[in-house]
Amino acid sequence: MSNSSRPILVTGAHRSGSTWIGRMLALSSEVGYIQEPFNLHHRPGICSAEFNYWFPYISQKNGEEYYSSLKDTIEFKYKVGREIQAVTSFRDFGRMLRDCRNFNKYRMLRLRPLLKDPIAIFSAEWLASSFDMDVVVIIRHPAAFAASIKAKNWTFPFQDLLKQSLLMEECLYPFASEISHYATSEKDIIDQACLLWNIIYFRVSEYQKRNPTWIFQSHEDISVDPVSAFQEMYKRLGLDFSDDVKTTIEEYSNPQNPLDAKKNDPFLFLRRHLKRDSKSNIFNWKKRLDSREILRIKEKTGGLASVFYDDSCW
């Protein structure tokens, strides 16, 4: 399959900027955007596959169960019947009409599917090999990740990892005792974030060794110079970097944008992606975390973090 027709996967940890990056790549007129089919709350019209756990693991051993459903998603085949059964409100109905229209348009125009999904991180190799995908993996500083998790107060059900025997046996065995410990009772939110970051980016470090053609890009490097970073990604993915694309990237990352999303913004639900002062956002975690939390994060993640970041990044 030529580079101009290969599907694209944008993944990494959640809270890693994958939505911003996925949306900026999807500014290309050659791309059709697909939002998180691996998310437990995905709409069945978008993807008919059913996942029982957060961060599901698909490999050659269990891939047959999911292949057909994900192939339909990547080919923009919207499941109207499945979606109708799940409609419970006017909002659901409106979303169904929008998604069905978009999928039909993308398929008719023969656009390249761009699947944005951090929840698919453990299944990235299977997706890449099964559907001949180009893969973009976003790396986020552990303190920035932890600060974002803390701000959202997003606890994680570590039992979802334990219940996936293939995932534990093939990928996460170095963390088996820690995951078991964290699955027994809810731990401190910063400690949860540290373990989750180590788990995800241990997997990413393994990907780097095995997949030299994949794009591994830190959120911080993109944020320093978004135009140059996206221009390079567009080039590697075989996408046309037009003047309109450049202008929109500048608009959504320039210093006049807010550092954080405005609270109680009545129009927030209308926005497909948030405008940020990307460069200033790099070290926003230093305002969200106290010195003891930062030290704890560095102690718990520093060994693996040194693969991606040097001491100057702390």
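Structure: see above.
Residues numbered from 1 in each chain as written. Predicted model: local features only at pLDDT ≥ 70, side-chain atom pairs only at ≥ 80, totals over all residues. Heavy atoms only, no water.

Examining the overall build of the chain
Which entries qualify depends on this criterion: Runs of H or I in DSSP of at least four residues are treated as helices and runs of E of at least two as strands, each being numbered from the N terminus. The globule rule is 2.2 Å times the number of residues to the power 0.38, and the radius of gyration it is compared with is taken over C-alpha atoms. Only protein chains enter the accessibility calculation, which uses a 1.4 Å probe. A residue is then buried if its area is under 20% of the maximum for its type, exposed if over 50%, and partly exposed in between. Contact criterion: two residues are considered in contact whenever any of their non-hydrogen atoms come within 4.5 Å of each other. Accessible areas in this description were obtained via Shrake-Rupley with a 1.4 Å probe; residue shielding takes into account the shown protein chains only.
Per the secondary structure count, the chain includes 16 helices and five strands. A compact globule built from 314 residues would reach a C-alpha radius of gyration of about 20 Å, and the chain, at 19 Å, matches this within 12%. For the chain, the spread of C-alpha atoms along the principal axes amounts to about 55 × 45 × 40 Å. When the 314 residues of the chain are sorted by exposure, 53% land in the buried category. When contacts within the chain are restricted to residue pairs at least 6 apart in sequence, long-range pairs at least 24 apart make up 75% of them. For the chain, the exposed area adds up to about 15500 Å²; of that, 49% sits on carbon and sulfur atoms.

Considerations on the packing of aromatic side chains
Inclusion rule: Any pair of Phe, Tyr and Trp rings, taking the six-membered ring for Trp, is counted once the centres come within 6.5 Å. Such a pair is stacked with planes under 30 degrees apart, edge-to-face with planes over 60 apart, and tilted for the rest. Only lysine NZ and arginine CZ atoms are considered, and such an atom sits over a ring when it is within 6 Å of the ring centre and within 35 degrees of the ring normal.
Under the counting rule described, the total for this entry stands at 21 aromatic pairs. Taking the centre distance of 5.9 Å and the plane angle of 70 degrees together, the rings of Tyr201 and Phe308 count as edge-to-face. Linking Tyr201 in helix α10 (residues 189-210) with Phe308 in helix α16 (residues 291-308), this pair joins segments that are 107 residues apart in sequence. Exposure class is identical for Tyr201 and Phe308. Each is buried. Through a chain of ring-to-ring contacts, three or more aromatic side chains come together here, namely Phe55, Phe122, Phe156, Phe158 and Tyr182. The cationic tip of Arg15 hangs over the ring face of Trp154; the distance from NZ or CZ to the ring centre is 5.3 Å.

Concerning the environment of Ser223
So the rule is basically this: What qualifies as a polar contact is a pair of N or O atoms within 3.5 Å, subject to a donor-acceptor requirement within protein and to the restriction that residues adjacent in sequence count only when both atoms come from side chains.
Looking at the secondary structure, you find Ser223 in helix α11 (residues 219-224). Sequence-wise, Ser223 and Asn281 are 58 residues apart; in three dimensions their C-alpha atoms are separated by 7.8 Å. Among the polar contacts made by the side chain of Ser223, one reaches the main-chain carbonyl oxygen of His219 at a distance of 2.8 Å.

As for the sheet that holds strand β3 (residues 112-116)
Convention followed: For two strands to count as paired, DSSP must find a minimum of two bridges between them. Axis lines are fitted through C-alpha atoms, for helices just across the contact stretch, and the angle between N-to-C directions can take any value from 0 to 180 degrees.
If you trace the five strands from one edge of the open sheet to the other, you get β2-β3-β1-β4-β5, paired in parallel fashion. A strand with exactly one partner marks an edge of an open sheet, and here the two such strands are β2 (31-35) and β5 (215-218). In this sheet, adjacent strand axes meet at a mean angle of 20 degrees when their direction is disregarded. Bridging between β2 and β3 involves five bridges; their strand directions are parallel. Of the residues in β3, the one forming a bridge with Gln35 is Lys116.

A closer look at the packing of helix α6 (residues 142-152) against α16
When two helices pack together, their arrangement is captured by the angle between the axes and the distance separating the axes. Short version of the rule: Throughout, the term roughly parallel applies to angles under 35 degrees, roughly antiparallel to angles over 145, roughly perpendicular to angles from 65 to 115, and oblique to all others. By convention the crossing between two helices is left-handed if the near helix lies anticlockwise of the far one by an angle smaller than a right angle, and right-handed if it lies clockwise.
Contact geometry for α6 and α16: axes closest at 9 Å, N-to-C directions at 130 degrees. As summarised for this structure, α6 and α16 are arranged oblique, according to the angle between their axes. The handedness of the crossing between α6 and α16 is right-handed. Facing α6, whose interface residues are Pro142, Ala143, Ala146 and Lys150, α16 presents Glu293, Ile297, Thr301 and Ala305.

Considering empty space enclosed by the protein
Under the convention used in this document: Here a cavity means grid points, on a 1 Å grid over the protein atoms only, where a 1.4 Å probe fits yet cannot get out; a pocket means an open set of points with protein on both sides within 12 Å along at least five of seven lines; lining residues are those with an atom within 4 Å of a point. Grid points are joined across faces, edges and corners, and a volume is the space filled by probe spheres set on the points.
According to the stated counting rule, one finds one cavity of 30 Å³ or more in the structure shown. Here the largest cavity is characterised by a volume of approximately 30 Å³. Contributing to the lining of the largest cavity are His14, Ile149, Trp154, Phe156, Gln192, Ala193 and Leu196. The greatest single-element share of the lining of the largest cavity, amounting to three residues, is contributed by α10.

Section: the layout of surface pockets
Volume-wise, the second largest pocket comes out at about 250 Å³. In terms of lining, the second largest pocket is formed by 14 residues, of which the most central are Pro7, Lys71, Ile74, Glu75 and Pro113. Among the secondary structure elements, those contributing two or more residues to the lining of the second largest pocket are α2 (64-74), α4 (90-108) and α5 (124-131). Among the elements that take part in the lining of the second largest pocket, α2 stands out by supplying three residues, more than any other.

A few points about the side chain of Arg203
On the secondary structure map, Arg203 appears in helix α10. On the basis of relative accessible area, Arg203 is assigned to the buried category, the value being 8%. Within polar-contact distance, the side chain of Arg203 engages the side chain of Tyr207 at 2.9 Å.

Observations regarding α10
Rules: Given a helix with a known number of residues, its expected span is that number minus one, times 1.5 Å.
End to end, α10 covers 32 Å across 22 residues, agreeing with the expected 32 Å (1.5 Å per residue, within 8%). Most of α10 is tucked away: 17 of the 22 residues are buried. If you check the start of α10, you find a side-chain oxygen 2.9 Å away from the backbone N of Ile190, and it comes from Asp188.

Looking at the nonpolar core
Here is a general trend for soluble globular proteins: nonpolar side chains tend to be buried in one another's company. Selection criterion: Here, nonpolar core refers to any group of buried Ala, Val, Leu, Ile, Met, Phe, Trp, Tyr and Cys residues whose side-chain atoms link them within 4.5 Å.
By size, the foremost hydrophobic cluster in this structure holds 74 residues, and its most contacted members are Phe122 and Leu161. Take this core: its biggest share by element is twelve residues, from α10. Membership of the second largest hydrophobic core comes to 25 residues, among which are Ile8, Leu25, Val31 and Leu239.

Concerning the packing of α2 against α5
Rules: All amino acids are sorted into three groups, where Ala, Val, Leu, Ile, Met, Phe, Trp, Tyr, Cys and Pro are nonpolar, Asp, Glu, Lys and Arg are charged, and the leftover types, Gly among them, are polar.
Close contact between α2 and α5 brings their axes to 12 Å; oriented N to C, the two are set at 70 degrees. The angle between the axes of α2 and α5 places the two elements in the roughly perpendicular class. Listed contacts from α5 to Tyr66, Tyr67, Leu70, Lys71 and Ile74 of α2 are Trp126, Leu127, Ser130 and Phe131. Here the contact of α2 with α5 is composed, by residue class, of seven nonpolar, one polar and one charged.

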